[in-house]
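# Architecture and fold: a report
Below are the chains, spelled out letter by letter.
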Amino acid sequence: MPDSRAIHRPRMHRAAKALVAPTAVVLAGLLLTACGAKDDDSTSGSNAASCVDTSKDSIKVGSLHSLSGTMAISEVTVANSTKLAIDQINAAGGVLGKKIDLVLEDGASDPKTFAEKAEKLISSDCVAAVFGGWTSSSRKAMKPKFESLNSLLYYPVQYEGLEDSKNIFYTGATTNQQIIPALDYLKQKGITSLYLVGSDYVFPQTANREIKEYAKANGIEIKGEDYTPLGSTDFSTIVNKVRTAKAGAVFNTLNGDSNVAFFREYTNAGLKAAEMPVVSVSIAEEEVAGIGAQNIAGQLTAWNYYQTVDTPVNKKFVADYKAAFGADKPTSDPMEAAYASVYLWKNTVEKAKSFAVADIKAAADGVSFEAPEGLVTLDGSNHHITKTARVGEIRPDGLIYTVWNSGKAVTPDPYLKSYDWAKGLK
Amino acid sequence: MDVLIGQLFTGLSLGSILLLAALGLSLTFGQMGVINMAHGEFIMAGCYTTYVVQKVFSSAGVSLMVSLLIGFLVGGLLGAALEMGLIRWMYDRPLDTLLVTFGVGLVLQQLARDIFGAPAKNVLVPEWLGGGITIMGAVVPKTRIFILVLAVVAVTTLATVLKATPLGRRIRAVVQNRGLAETSGVSSRVTDISTFFIGSGLAGVAGVALTLIGSTSPTIGQSYLIDAFLVVVIGGLGQIKGTVIAAFALGLLNSYIEYSTTASIAKVIVFVIIVIFLQVRPQGLFTVRTRSLA
């Protein structure tokens, strides 16, 4: 049957005009979303010889975060906190007598762009080190560049572990500094059963595998395990399951917007933090605001740093950050790790008395910094740092307050070698 | 037993959400034959409308009611603008509308991100919708009951408008035979714009309702768009009755399968069932002869 519209509304003569409109709109859309994702024409520097210029009275370092795209809001705060540390160091006289010159790049929430910009920073900007990355995929994309061009990346976000690169310093938590301490806390509280809820991708699946091994070894029953597609917003069935399972606690590895729907449903179904607490590992101060403090108050999170950590160093950090970027801006765990990264680099350079990558690697072991979360120390063998583990409770004011901490900094163990129950994990 | 009842309500509630998301689409896609990929972003516009309205009214209850109205207008105006600015030039080319509206959707998403920021915004739920009520041992959140009622009201209103008003008669006339309708003095331009206004307005209403259960973030629309298209296709193009039945059938199917498996597996099984169903009945549950894609 011929299309009646084509017969009664002859518009073919407008074909050209009509073609312009869709093309323009699609292009505009692509431009807007890909804003800043322009390819850079930097030449490939496959030779590993460093081009870092140490003859001037300033030294270049790079900052590479998503300043546009989906991840921007999280990563801009981390880039800000990197800049805060650099400004402070410059004001105090710089590193080895040289001012730090920050080269800011935008990874645009796209792993491919992260890899390209990393190469540009190393090969054509000739930076001494790069501070950047958030998602595991951005780190995995940048890793080969830093290794083949022999440069240094400081990566500030908690991640799933099972990695150690000689060219990356991991300043966020690995599993035994976040997830395992949280499990120890629950066990100590007398929790004997858990329900696992997570987004369906690498991090939650890996984390839950570790949690299940831990549970087996510690006599904790796993009542159920549920994954939802990333971005899923319907949690009524899962919450029904959790409610009927009557577990001691829920371990939540959901990411992003799913948390909003999950906690709303959880509260509306009459489940309470006092009876069945939810422990989350991806919800920091900023996310609490989006979920709504009233929906999540009383629930627990596991991190290494909260804005409320009560140390003089942190009070100064929070005050300095708010003074520079706005009184209503909260500080969070990845921001603190980024801030510490810059100082760790500075302290390592000063110990090595050199900006050369090989010298920094050689000098790294044992370098420490009094960070807002407490003293952190670089471990030269696996390039992670010691971190204080904390469990916090979310209060109605939207801030997170420490209810337990490990007392001393926990030694990083990215491959969980020191745990007998983790032998089966590969 | 309470599990069975609980999942029944979960299914009905999921169905009512699917219905709200798909209702507008059944007008613009089912009846007009336009593949509007920006429908999800119109839903998002409804979400952000609620967020903005809530900044004005201190009472979350009042703001919800006002938002339903303004959300309809915002969605409707966006839809009318899209129709007048772009879609009118390409009614006879469904693939082009797909591309164009996809682009519009991307633009709207980035616009929302630039204006409101990427993380979810917190929309307050009125006191009287907080918590749930216990029905035969199952706890049903009040927000879900509200959405169920809202979906029923929206469907009845839409059906009445289509059946009993002059505008509805014109819409049906244009859908069934555009040429004849025009010859009889019906302005198809005005009818096209009105249909788009109503269909997109319903997306706005769906957005307002979704703030009660989910997040208000730039990508919220995407999570509902595919499901909404499924509902319309399964229901049969151009059929409100089919849309209603398909929405609740999918909701119930999903909730019962998900309970006995997992969310990811349930999605796969439901898709397989849909594929098999469309092999048997490619025209959907019900169909009328229209100038549709088929």
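Look up a bit, the structure's there.
Values in this document were obtained by computation on a predicted structure and should not be read as measured data. (Residues numbered from 1 in each chain as written. Chains lettered and ligands numbered in written order. Predicted model: local features only at pLDDT ≥ 70, side-chain atom pairs only at ≥ 80, totals over all residues. Heavy atoms only, no water.)

If you tally the helices and strands in chain A, you get 14 helices and 14 strands. A fraction of 69% describes how many contacts in chain A between residues 6 or more apart in sequence connect residues 24 or more apart. A total accessible area of about 16200 Å² is found for chain A, and carbon and sulfur atoms account for 56% of it. (Helix = DSSP H or I, 4+ residues; strand = E, 2+ residues; numbered from the N terminus. Contact = heavy atoms within 4.5 Å. Areas by Shrake-Rupley, 256 points an atom, 1.4 Å probe, with all protein chains shown as cover.)

Attention now moves to the packing of aromatic side chains. All told, the structure shown has 24 aromatic pairs over all chains when counted by the stated rule. The interplanar angle of 55 degrees and the centroid separation of 5.3 Å between the aromatic rings of Tyr339 of chain A and Tyr343 of chain A together place this pair among those described as tilted. Within this pair, Tyr339 of chain A and its partner Tyr343 of chain A are both found in helix α13 (residues 333-352), separated by four residues, close to a single helical turn. No difference in accessibility class separates Tyr339 of chain A from Tyr343 of chain A, as the two residues are buried. Where Tyr51 of chain B meets Phe116 of chain B, the ring centres are 6.0 Å apart and the plane angle is 80 degrees; that geometry is what we call edge-to-face. Here Tyr51 of chain B is found in helix α2 (residues 39-56), whereas its partner Phe116 of chain B is found in helix α4 (residues 94-116), with 65 residues between them in sequence. A relative accessible area of 14% places Tyr51 of chain B in the buried class. For Arg88 of chain B, the ring lying beneath its charged end belongs to Trp89 of chain B, and the centroid distance is 4.5 Å. If you follow Arg178 of chain B out to its NZ or CZ, it ends over the ring of Tyr91 of chain B, 5.8 Å from the centre. (Phe/Tyr/Trp six-rings, centres within 6.5 Å; stacked < 30°, edge-to-face > 60°. Buried < 20%, exposed > 50% of the residue type's maximum accessible area, 1.4 Å probe, protein only. Lys NZ or Arg CZ within 6 Å of the ring centre and 35° of its normal.)

Val250, Phe262 and Trp345 of chain A are the most contacted members of the largest nonpolar core, which has 88 residues in total. With nine residues, the top contributor of residues to this core is α13 of chain A. Those residues in contact with Phe262 of chain A that sit more than four places away from it in its chain are Val197, Phe235, Val239, Val250, Leu254 and Val278 of chain A. Ala21, Met90, Ile220 and Val232 of chain B belong to the second largest nonpolar core, which has 72 residues in total. (Core = buried A, V, L, I, M, F, W, Y, C linked by side-chain atoms within 4.5 Å.)

So, about the interface of chain B and chain A. Between chain B and chain A, the residue contacts involve 69 residues of the former and 50 residues of the latter. Sorting the residues of chain B by area buried against chain A places Trp89, Asp92 and Asn122 of chain B first, and these three jointly supply 12% of that buried surface. There are two salt bridges connecting chain B and chain A. Between Glu265 of chain A and Arg144 of chain B there is a salt bridge, and its shortest N-O distance comes to 2.7 Å. On inspection of chain B and its partner chain A, the count reaches 16 residue pairs in polar contact (both at pLDDT 80 or more). Tallying contributions element by element places α4 of chain B first for the side of chain B that touches chain A, with nine residues. (Buried area = accessible area lost by both parts, 1.4 Å probe. Salt bridge = Lys/Arg side-chain N within 4 Å of Asp/Glu carboxyl O. Polar contact = N/O pair within 3.5 Å; in protein donor to acceptor, adjacent residues only side chain to side chain.)

With that settled, the discussion passes to the pairing of strand β10 (residues 300-303) of chain A. Residues and elements named next belong to chain A. Burial along β10 is two-sided: Leu300 and Ala302 facing one way and Thr301 and Trp303 facing the other are all buried. Sheet analysis places strand β9 (residues 278-280) next to β10, joined by two bridges and oriented parallel. Residue pairing in the sheet places Ser280 in a bridge with Thr301 of β10. In the sheet, β10 pairs with strand β13 (residues 390-394) via four bridges, with the strands oriented antiparallel. When the bridges of β13 are listed, Ala302 appears paired with Val391. (Pairing = 2+ DSSP bridges.)

All names here are of chain B. Residues Leu253, Ile265, Ile269 and Ile273 make up a contiguous nonpolar surface patch of roughly 270 Å² in combined accessible area. With three residues, helix α11 (residues 263-280) is the largest single contributor of residues to the nonpolar patch. As for its placement among the helices and strands, Leu253 is situated in helix α10 (residues 240-260). (Patch = residues over 30% accessible without salt bridge, like charges linked within 9 Å, V, L, I, M, F, W, Y side chains within 5 Å.)

Let us look at the state of the cysteines. Residue and element names in this part refer to chain A. On inspection of all chains with the given rule, the structure shows one disulfide over all chains. One disulfide bridge connects Cys51 with Cys126, the sulfur atoms lying 2.0 Å from each other. Its S-S torsion of approximately -105 degrees makes the covalent link between Cys51 and Cys126 left-handed. Linking Cys51 in the loop between α2 (15-33) and β1 (58-65) with Cys126 in the loop between α4 (111-123) and β3 (130-132), this pair joins segments that are 75 residues apart in sequence. For Cys51, a relative accessible area of 34% corresponds to the partly exposed category. (Disulfide = S-S within 2.5 Å.)

The subject of this paragraph is helix α7 (residues 202-218) of chain A. Residues and elements named next belong to chain A. The first and last C-alpha atoms of α7 sit 24 Å apart over 17 residues, in line with the 24 Å expected at 1.5 Å per residue. Those residues of α7 that fall on the buried side of the exposure criterion are Phe203, Pro204, Thr206, Ala207, Asn208, Glu210, Ile211, Tyr214 and Ala215. As for α7, its buried residues are in contact with α6 (179-188), β6 (193-199), β7 (221-228) and β8 (249-253). Following α7 by one or two positions, Gly219 has its phi on the positive side, about 70 degrees. (Expected span 1.5 Å × (residues − 1).)

All names here are of chain B. On the surface, Lys163, Arg169, Arg170, Arg172 and Lys241 cluster together into a positively charged patch. No other element matches helix α6 (residues 166-176), which puts three residues into the positive patch. Relative to the helices and strands, Arg169 is located in helix α6. The class for Arg169 is partly exposed, based on a relative accessible area of 45%. (Lys, Arg positive; Asp, Glu negative; His and termini not counted. Charge placed at Lys NZ, Arg CZ, Asp CG, Glu CD.)

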